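Listed below are the residues making up each chain.
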Amino acid sequence: MAQDDRPLEDDVMLADAPDEGGRPDDRIDDERMDEENTLKREFVRSVEDALEAGDTGEVYDLVEPLHPADVADLLELFEKDERHQLATAITDLMTSEVVAELNDYVREEMMEALPADAVAQIAEQLETDDAVQLIEDLDEDDQKAILAELDPEDRTAIETALAYPEETAGRLMSREFVAVPEHITVGDLIDFLREERDLPGDFFEVFVIDQRMHPVGTCNLSWILRTPRDVALGDVMKRDQTLIPAELDQEEVALMFQKYGLISAAVIDPDGRLVGQMTVDDIVHIIAEEAGEDALLMSGAGEGDINEPIREAYSSRVRWLVANLGTALVASLIIALFGSAIEKLVALAVLMPIVASIGGNAGTQTMAVTVRAIAMNQLTSSNTRRILTKELRVAFLNGLTIAVLIGAATAAIFTPLLGLVIALAMVINVVTAGLAGVLVPVAFDRLDQDPAVASSVFVTMITDSMGFFAFLGLAVAMRVV
């Protein structure tokens, strides 16, 4: 290779710092994207108008400058029929990158509308983990038809991934990685990386393996480039590494990346052999997915995807509403027990929703903190008692503060005795809320159930019931009525 005598620094150019008011990405066109990096309504409408007019050339010209992720966003904004028209109008823009960025429901719907050979062609352009995502949600017959169209190597890789449980490292890992034996030198490795044509498009480290394909170390690319060529790889590699079992749940994988500050990590099968790698870009998707999933499960909203079919959205939400109806009846029965007292003093009916509402909010706060702590492995069997004690103290202080405020207001408006009753009831209910907010999610976790799924229903039932019972019971016991 010919070289000139100019110093390397002369060929190095540093990018100018962006203006403070500049956009985060120079490719973004102000005519198409707004300040939040989403497609403008006017742009989407122009594409719709071109589609309605049958002007496919205009549609193509409008969409062609978009990034694949923005093309995927555009497709998701259209109704089902329009979506298929748009995909037909921009056929060669429907690249594997666009398909990989599509919402799960939209991707599944579009893949089911395409012939098996077309889906197989798209799958062959994707990395294995993206190809698995493309195929895994389709019907079994469609999966078999698509797999039959793939070449043997791709088919074997995808079938192996599908054999692992859903949402595990084996399903999500990339099978494209670089692995070398430890007896070579750094120079040998550099030559291999330069000459080998069948390398992954992007990789952050090189895995070092023994004869049985067991990972024995890892080398960051920065180490390799800064180490003399004659140094043995075994002398510079990092032997202490984090290995991820292929059947480990994706949430646990994300926690490992967060805890140990990983950029990538080797995935091993039950025999300890290197079978793939997880990279930080996979983890970003997992964290976003798990965070959204927990928030939606706590509200009983199912998967909460706006592209979710009506039937699935209905079935996932209605069952928790029915469960909530049953728990609400418990609170209603408690109110019925004190019906005569409420008839004699209307103020009880005015004030008792306040006690229940504050208790419900306090319970939701504690429950949210507990569910997050469980998800992050911060709350375990070894510190449950300490966390429970802490939350009870917080609940008592919160309850005391609210009790003073509502008690003083009630005493001024009604009677001092009624003010004392609601103050005591408030302390009791907020402390109960703190107790329930910890124990209910922990109980679900101990039963190997997702604590985010139904905790809110039971915590609300407990706080409502205790709020009504404490307030009305104290009112009767202290002869307010």
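Analysis parameters
- Here the residue numbers are simple positions, counted from 1 along each chain's written sequence.
- Local features in this predicted model are restricted to residues whose pLDDT is 70 or higher, and side-chain atom pairs enter the listing and the counts only when it is 80 or higher, whereas totals over whole chains, interfaces and linings include all residues.
- Neither water nor hydrogens contribute to the side-chain values; these are computed over all heavy atoms in the structure.
- When DSSP locates at least two bridges between a pair of strands, those strands are taken to pair.
- Counting from the N terminus, the helices are the DSSP runs of H or I reaching at least four residues and the strands are the DSSP runs of E reaching at least two.
- To get an axis, a line is fitted to the C-alpha atoms, and for a helix only the part in contact is used. The angle between two axes follows their N-to-C directions and goes from 0 to 180 degrees.
- Working rule for contacts: check all heavy atoms of both residues, and any pair within 4.5 Å makes them a contact.
- Note on exposure labels: buried denotes an accessible area under 20% of the residue type's maximum, exposed denotes more than 50%, and partly exposed covers the range between, all computed with a 1.4 Å probe on protein chains only.
- The directions considered for the arc run from the helix axis to the C-beta atoms.
- Think of a salt bridge as a Lys or Arg side-chain nitrogen and an Asp or Glu carboxyl oxygen that are within 4 Å of each other.
- Surface patches are drawn from residues lacking salt bridges whose relative accessible area is over 30%; two like charges belong together within 9 Å, two nonpolar side chains (Val, Leu, Ile, Met, Phe, Trp, Tyr) within 5 Å.
- Here the accessible surface of atoms and residues is derived via Shrake-Rupley with a 1.4 Å probe, and residues count as covered only by protein chains that are part of the display.
- On a range of 0 to 100, pLDDT expresses the predictor's confidence in each residue.
- Think of a 1 Å grid over just the protein atoms. A cavity is a set of points where a 1.4 Å probe fits yet cannot get out, a pocket is an open set with protein on both sides within 12 Å along at least five of seven lines, and lining residues have an atom within 4 Å of a point.
- Grid points are joined across faces, edges and corners, and a volume is the space filled by probe spheres set on the points.
- Note on residue classes: Ala, Val, Leu, Ile, Met, Phe, Trp, Tyr, Cys and Pro are nonpolar, Asp, Glu, Lys and Arg are charged, and everything else, Gly too, is polar.

> Please explain the sheet that holds strand β6 (residues 274-279) as it appears in this structure.
To summarise the sheet geometry, strands pair through backbone hydrogen bonds and adopt either a parallel or an antiparallel arrangement. Strand order in this open sheet of 3 strands is β4-β5-β6, and the pairing throughout is mixed. Each having just a single partner strand, β4 (243-245) and β6 make up the two edges of the open sheet. Across this sheet, the average inter-strand angle for adjacent strands is 35°, counted without regard to direction. As paired strands, strand β5 (residues 264-268) and β6 are joined by 5 bridges and run antiparallel to one another. Pairing of Val 267 across the sheet is with Gly 276, part of β6. Contacts between helix α15 (residues 250-260) and the sheet are confined to β4, β5 and β6, with β4 contributing the most and set at about 170° to the helix.

> Sorry, what's going on with helix α4 (residues 80-89) here?
At 3.6 residues per turn, the α-helix brings residues three or four places apart onto the same side. Listed in full, the buried residues belonging to α4 are Arg 83, Leu 86, Ala 87 and Ala 89. Seen from one end, α4 has its buried residues packed into an arc of 160°, which puts them on one side. With respect to the buried face of α4, the exposed residues turned more than 90 degrees away are Asp 81 and Thr 88. Those residues of α4 that are buried are in contact with α1 (41-52), α2 (56-63), α3 (68-77) and α6 (104-113).

> Please explain the pattern of salt bridges as it appears in this structure.
Side chains that differ in sign of charge can pair as their charged atoms come close. According to the stated counting rule, one finds 12 salt bridges in the structure shown. Linking Arg 273 and Asp 269 is a salt bridge whose minimum nitrogen-to-oxygen distance equals 3.0 Å. Residues Glu 391 and Lys 390 are paired through a salt bridge, measuring 3.8 Å at the closest nitrogen-oxygen approach. Residue class for Lys 390 comes out partly exposed when judged on its relative accessible area of 48%. Residues participating in the shared-partner salt-bridge network are Arg 45, Glu 48 and Asp 49.

> How should I be thinking about a nonpolar patch on the surface in this particular structure?
The grouping of Phe 204, Ile 263, Val 280 and Val 284 at the surface amounts to a nonpolar patch, some 330 Å² of accessible area in total. Mapped onto the secondary structure, Val 280 falls in helix α16 (residues 280-299). Val 280 gets classed as partly exposed once you look at its relative accessible area, which sits at 32%.

> Help me understand the pairing of strand β3 (residues 215-220) in this model?
Each regular strand displays side chains that alternate between the two surfaces of the sheet. Taking burial as the measure, the 6 residues of β3 include 5 buried ones, the bulk of the element. Bridge count between strand β2 (residues 205-209) and β3: 5 bridges; the pairing is antiparallel. For Val 206, the partnering residue across the bridge sits in β3 and is Cys 219. With antiparallel pairing between neighbouring strands as the criterion, β2 and β3 make up a hairpin whose turn holds 5 residues, including Met 213 at a positive phi of roughly 70°.

> Even after reading the chapter, I still don't get the sheet that holds strand β1 (residues 179-181), so can you show me in this structure?
Read across the open sheet, the 3 strands follow the order β1-β2-β3; overall the sheet is mixed. Only two strands of the sheet have a single neighbouring strand rather than two, namely β1 and β3. Along the sheet, successive strands turn relative to each other by an average axial angle of 35°, direction set aside. With 3 bridges joining them, β1 and β2 adopt parallel strand pairing. The residue of β2 that forms the bridge with Ala 179 is Phe 207.

> Is there a simple way to think about the environment of Val 231 in this case?
Tracing the backbone shows Val 231 in the loop between α13 (221-226) and α14 (233-236). Each C-alpha atom, one on Val 231 and one on Gly 187, is 7.7 Å from the other, the two residues being 44 residues apart in sequence. Setting aside residues no more than four positions away along its own chain, Val 231 makes contact with Thr 185 and Val 186.

> Mind showing me how you'd approach the confidence of the model for the protein here?
Parts of the prediction with low pLDDT should not have their coordinates interpreted in detail. Across the protein, the average pLDDT comes to 83, with 89% of residues at 70 or higher. Counting contacts from residues 1-28, a segment whose pLDDT is below 50, to residues more than four positions away or on other chains yields 10 contacts.

> Looking at this structure, how should I read the layout of surface pockets?
Which parts of space are left empty comes out when a probe the size of a water molecule is rolled across the atoms. By volume, the second largest pocket amounts to about 670 Å³. Taken together, 28 residues make up the lining of the second largest pocket; nearest its centre are Thr 128, Glu 153, Arg 175, Glu 176 and Phe 177. If you tally residues by element for the lining of the second largest pocket, the top one is helix α10 (residues 152-162), at 5 residues. Partitioning the lining of the second largest pocket into residue classes produces 16 nonpolar, 3 polar and 9 charged.

> I would appreciate a short explanation of helix α9 (residues 140-149) in the present structure.
Residues Gln 143, Ile 146 and Leu 147 constitute the buried set of α9. An end-on view of α9 places all buried positions within 100° of arc, on one side of the element. Opposite the buried face of α9, at more than 90 degrees from it, the exposed residues are Asp 141, Lys 144 and Ala 148.

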